[in-house]
Amino acid sequence: MKKTNRTFRVGEVFRAGLVIVVAALLLLVPRSAWAHAILVHSTPAINATVEGPDVAVEMKFSSRVDGARSTVLLSTSDGKSKPLALEHQSSPDTLTTRVTHLDPGKYSIQWQVLATDGHVTRGEIPFHVK
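Everything in this summary refers to the structure shown in the same document.

**Quick notes on the sheet that holds strand β6 (residues 94–99)**
Strand order in this open sheet of 3 strands is β1-β3-β6, and the pairing throughout is antiparallel. On the outer flanks of this sheet lie β1 (39–43) and β6, each paired with one strand and no other. Each strand axis lies, on average, 10° off the axis of its neighbour in the sheet, ignoring direction. Sheet topology note: the β1/strand β3 (residues 55–61) ladder contains 4 bridges and is antiparallel. Bridge assignment links Ser-42 to a residue of β3, and that residue is Met-59.

What follows is the structure, encoded as structure tokens:
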């Protein structure tokens, strides 16, 4: 019976050691390797009211995004949408564009970005033009 208990304890020690090694390896992996692009700041802000008719749009993300493989659409309250041309990226974590000739009303910026970890993230920024 002592051999069985000893074998069982060796197995527990092995599993505990394996968990510690895996945890240590995960801590050594750079955060950017698993960091999805999360919107951290936008202009206009979510649900903001802005002056029109021209609106500058800036979206800052938590990690680098591939501007060439990202898309931004402007949606109107009547269900229509149009793609917006992205400007040259001045920072690898930021996308900018400009919307012109907006009438007063409700709008939404719909975005889709490709992060450096290879994951696609989508979101929406509703806003109102007065």
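**Here we look at the pattern of salt bridges**
Side-chain pairs of opposite charge can arise whenever the charged atoms involved come near each other. Per the stated rule, a full pass over the model turns up 3 salt bridges. Of the charged contacts in the structure, one is a salt bridge between Glu-51 and Lys-130, with a shortest N-O distance of 3.3 Å. With Glu-51 in the loop between β2 (48–50) and β3 and Lys-130 in the segment after β8 (120–129), this pair connects stretches of sequence that are 79 residues apart. Neither residue differs from the other here; Glu-51 and Lys-130 are each classed as exposed. A salt bridge links Arg-69 to Asp-66; its shortest N-O distance comes to 2.7 Å. Judged by relative accessible area, Asp-66 falls into the partly exposed class, the value being 22%.

Analysis parameters
- Residues numbered from 1 in each chain as written.
- Predicted model: local features only at pLDDT ≥ 70, side-chain atom pairs only at ≥ 80, totals over all residues.
- Heavy atoms only, no water.
- Pairing = 2+ DSSP bridges.
- Helix = DSSP H or I, 4+ residues; strand = E, 2+ residues; numbered from the N terminus.
- Axes fitted to C-alpha atoms, helices over the stretch in contact; angles between N-to-C directions.
- Salt bridge = Lys/Arg side-chain N within 4 Å of Asp/Glu carboxyl O.
- Buried < 20%, exposed > 50% of the residue type's maximum accessible area, 1.4 Å probe, protein only.

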